Amino acid sequence: MTPNHSSDTVAHPRIVPRRAAAPEPEPVVPPPPPRQPRRSRRPIAAEQQGRQPASPIKEATWKWYIPIYFWLGGIAAGSWVAITAEDLTGANDRDVVRAGRYLALGSVLGGTALLVLDLGRRERFLNMLRIVRSRSAMSLGSWGLTEFGMFTGVAATLQALADGALGSHAALERLAHGWPGRAVHVLGLPAALFVGSYTGVLLASTSTPAWAARTRVLGPLFLASGTASGISALGGVLGAMGGARPGVHRRLARAEMAALAAELALAMASHAAVRRLPSITREPAWQRVLRRIAIGAGIGVPLVVRAAHALQRGEPRRHLGRRDTVRRIRALIGRDERSRLERGPRGELACTALTLAGSLALRYLITHEGRRSARIADDTWTFTARRGRAPTVVLDRGEQLATEQRRQPARLRHRVVRGTVAGVITVAQEDRVRIVTENGRGYLFTVAKRRASLAQLERWRDARIPVVVRYTGIPDAGASAERIRPI
């Protein structure tokens, strides 16, 4: 058998025998993601999210020194009331007048500096004096503070002339302590009473529930507190300087006692007006302690001490000799039972410090109550429900019609509604026009070519000419402008 026909299989040197292919690995399919529950398009309420609902009232962004501004204004007003009363009663003690004039001027200057610091720039305070707005507490307060500052400046100037700033002259003393000085005191008394009370009126005129609920109380409360603190500061200055007659301290103590009694009654009425608000019922412990300190130590203790002094000085003459004898004997044996607050200048300064600290703490407390009430939405709903009305929202005619249309039944929603809107054109096209009112509300209307041409609309838009649109339908929901005319 020839080699070509051999039965043995001979492998070709270039042919490689085919091997079995390895099985391909199966592709790894990731597991399907877990099915998320379908989210509702309706927003989740704030209570369901575990947080407090947003309040509709904006919180006042006042700095920490604003209550000090209120406090200084009260001291200036109280000291001016004291020196005016000293003139009107006929006593006209020169030590009281001198200290009261300088104290009023210093307090007004300090309060004005804090007000300008809060405004940021001095030009803003001057801009507030360009016009007078009878319904704006800020405008009236700026003018009242300026007017009162002028009176305190004139009085302090007269006192400086009487003290020998330009030399000692009898004519200058008669000018400062005679009828010109008294006329300045009497004419400045209304401005002083206004400055002492307007800060409380300013708080009560806001929409903050804790302040608006005390509309009739905050003004008199701040005036009574300022009068008490001003008289107390004046007595403290006279006590520190020394040389004042005993009758002066007696008159100041009686006036301070009357002011403290009025302040205590108004403070209790003020707390009673807001005690049912959620921010007061759920107030923190430190706020409750601050109220007790402000009312108890700042008002109650000085009032009791002043009343004890007044009763002790007003007892019958037949008992004075016996009581003086007993006190002298107790003093000799070292068992004087007089309290420390009754012993000389230290007692006067202690009462002065308590009165001033209580007045300042009261203003800090009221300011904090208002700011906390603005952050709590329940205060707004509680206050409006107690007043028997819902929160008022100012709407123009277009918004009122749209709101009424939405509240109507479905069978009456498509009835024809007519109204007018006044504003400025911001968008002018062939078939539509957009009007923006004074309060920033925009409306879109369709316009027929026969009602107004595009050239007229563009001319009114470029010149920002106010126009009046009489329309049919609901604004922003297919209302058609029937007539457009410039005002």
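Parameters and conventions
- Residues numbered from 1 in each chain as written.
- Predicted model: local features only at pLDDT ≥ 70, side-chain atom pairs only at ≥ 80, totals over all residues.
- Heavy atoms only, no water.
- Helix = DSSP H or I, 4+ residues; strand = E, 2+ residues; numbered from the N terminus.
- Buried < 20%, exposed > 50% of the residue type's maximum accessible area, 1.4 Å probe, protein only.
- Contact = heavy atoms within 4.5 Å.
- Areas by Shrake-Rupley, 256 points an atom, 1.4 Å probe, with all protein chains shown as cover.
- Polar contact = N/O pair within 3.5 Å; in protein donor to acceptor, adjacent residues only side chain to side chain.
- pLDDT = per-residue confidence, 0-100.
- Pairing = 2+ DSSP bridges.
- Phe/Tyr/Trp six-rings, centres within 6.5 Å; stacked < 30°, edge-to-face > 60°.
- Axes fitted to C-alpha atoms, helices over the stretch in contact; angles between N-to-C directions.
- Core = buried A, V, L, I, M, F, W, Y, C linked by side-chain atoms within 4.5 Å.
- Parallel < 35°, antiparallel > 145°, perpendicular 65-115°, else oblique.
- Left-handed = near helix turned anticlockwise from the far one by under 90°.
- Nonpolar A, V, L, I, M, F, W, Y, C, P; charged D, E, K, R; others polar.
- Patch = residues over 30% accessible without salt bridge, like charges linked within 9 Å, V, L, I, M, F, W, Y side chains within 5 Å.
- Salt bridge = Lys/Arg side-chain N within 4 Å of Asp/Glu carboxyl O.

Undergrad: Any chance you could break down the overall build of the protein for me, citing the residues and the numbers?
TA: Each helix and strand counted, the protein has 16 helices and 5 strands in total. Per-residue burial for the protein yields a buried fraction of 40% across its 487 residues. Relative to all contacts within the protein whose residues are 6 or more apart in sequence, the contacts with residues 24 or more apart total 70%. Counting every atom, the protein has about 29,700 Å² of accessible surface; 57% of that belongs to carbon and sulfur.

Undergrad: Report on the side chain of Ser225, specifying residues and quantitative values.
TA: The residue Ser225 is located in helix H8 (residues 218-241) in this model. A polar contact is formed between the side chain of Ser225 and the side chain of Glu263, at a distance of 3.1 Å.

Undergrad: Kindly report on the confidence of the model for the protein, identifying the contributing residues and their values.
TA: Summing up the model confidence of the protein, the mean pLDDT is 76 and the portion of residues at 70 or higher is 70%. Within the protein, no element has a lower average pLDDT than helix H12 (residues 317-332), which sits at 49, and none a higher one than helix H1 (residues 66-88), at 90. Of the regions scoring below 50 in pLDDT, residues 314-320 engages in 2 contacts with residues more than four places distant in sequence or in other chains. Low pLDDT (under 50) marks residues 389-397, which in the prediction has 11 contacts with non-local residues, meaning those over four places away or in another chain.

Undergrad: How would you explain the pairing of strand E1 (residues 418-428) if you had to name every residue and give the values?
TA: As defined by bridge partners, E1 adjoins strand E4 (residues 467-472) across 6 bridges and the pair is classed as antiparallel. In the sheet register, Gly423 faces E4, and the bridge partner there is Val467. In this structure, E1 lies alongside strand E2 (residues 432-436), joined through 4 bridges in antiparallel fashion. Bridge pairing in E2 places Ile425 opposite Ile435. Linking E1 to E2, which pair antiparallel, is a turn of 3 residues.

Undergrad: Now, about the packing of aromatic side chains: what can you tell me, with residues and values included?
TA: Working definition: an aromatic ring pair is given by the centre-to-centre distance plus the angle between the planes. Taken as a whole and judged by the stated rule, the model has 9 aromatic pairs. With 5.6 Å between their ring centres and 80° between their planes, Trp80 and Phe148 make a pair best called edge-to-face. Here Trp80, found in helix H1, pairs with Phe148, found in helix H4 (residues 137-162); they are 68 residues apart in sequence, far enough to count as distant. Here Trp80 and Phe148 have matching classes, each one buried. Here a set of aromatic residues connected by ring pairs shows up, and it is made of Trp62, Tyr69, Phe70, Trp211 and Phe222.

Undergrad: Break down the sheet that holds E4 for me, with residues and values.
TA: Spatial strand order, E1-E2-E3-E5-E4: 5 strands in a closed barrel with mixed pairing. Geometrically, the sheet is characterised by an average inter-axis angle of 50° between neighbouring strands, direction not taken into account. Two strands pair when backbone bridges link them, and strand E3 (residues 442-447) and strand E5 (residues 480-486) are joined in this way by 2 bridges, in the parallel orientation. Among the inter-strand pairings, Thr446 is bridged to a residue of E5, identified as Ser480.

Undergrad: A description of the environment of Gly219 should follow, citing residues and the corresponding values.
TA: Summarising the element assignment, Gly219 is placed in helix H8. For the pair Gly219 and Tyr198, spaced 21 residues apart in sequence, the C-alpha to C-alpha distance is 6.3 Å. Every residue in contact with Gly219, bar those within four places of it in the chain, is listed here: Ser197, Gly200 and Val201.

Undergrad: Give a description of the pairing of E4 that names residues and reports values.
TA: Summarising burial for E4: 5 of the 6 residues are buried, a large majority. The pairing of E4 with E5 spans 6 bridges and is classified as antiparallel. By the bridge assignment, Thr472 is partnered in E5 with Ser480.

Undergrad: Please set out the nonpolar core residue by residue, giving values where relevant.
TA: Trp80, Phe148, Leu218 and Ile366 are the most contacted members of the largest nonpolar core, which has 51 residues in total. Elements that contribute at least two residues to this core include exactly H1, helix H2 (94-119), H4, helix H6 (179-204), H8, helix H9 (246-274) and helix H13 (344-375). Top element by residues in this core is H1. It accounts for 10 residues. Among residues more than four places away in sequence, those in contact with Trp80 are Ala104, Phe148, Phe151, Thr152, Ala155, Val184, His185, Gly188, Leu189 and Ala192. Formed by 16 residues, the second largest nonpolar core is a distinct cluster that contains Ile425, Ala428, Tyr471 and Ala479.

Undergrad: Account for the packing of H6 against H8, naming residues and giving values.
TA: Interaxial distance between H6 and H8 falls to 7 Å at its minimum, and their mutual angle equals 140°. On the basis of the axis angle, H6 is oblique to H8. Here H6 and H8 pass one another in a crossing that is right-handed. On the side of H6, the interface is formed by Leu193, Gly196, Ser197, Thr199, Gly200, Val201, Leu203 and Ala204, while H8 contributes Leu218, Gly219, Phe222 and Leu223. A breakdown of the residues in the contact of H6 with H8 according to their chemical character gives 7 nonpolar, 5 polar and no charged.

Undergrad: Got a sec to walk through a nonpolar patch on the surface? Specific residues and values, please.
TA: On the surface, Val132, Leu140, Trp143 and Phe194 cluster together into a nonpolar patch covering about 320 Å² of accessible area. Note on placement: Leu140 falls in helix H4. Its relative accessible area of 30% is what places Leu140 among the partly exposed residues.

Undergrad: So what's going on with the packing of H2 against H4? Residues and values would help.
TA: One can describe the packing of H2 onto H4 by two numbers: an axis separation of 9 Å at closest approach and a directional angle of 140°. In terms of orientation, H2 and H4 fall into the oblique class. Considering the relative orientation of H2 and H4, their crossing is left-handed. Touching Val97, Arg98, Arg101, Tyr102, Ala104, Leu105, Val108, Thr112 and Leu115 of H2 are Leu145, Phe148, Gly149, Thr152, Gly153, Ala155, Ala156, Leu158, Gln159 and Ala160, all from H4. Its residues placed into classes, the contact of H2 with H4 shows 12 nonpolar, 5 polar and 2 charged.

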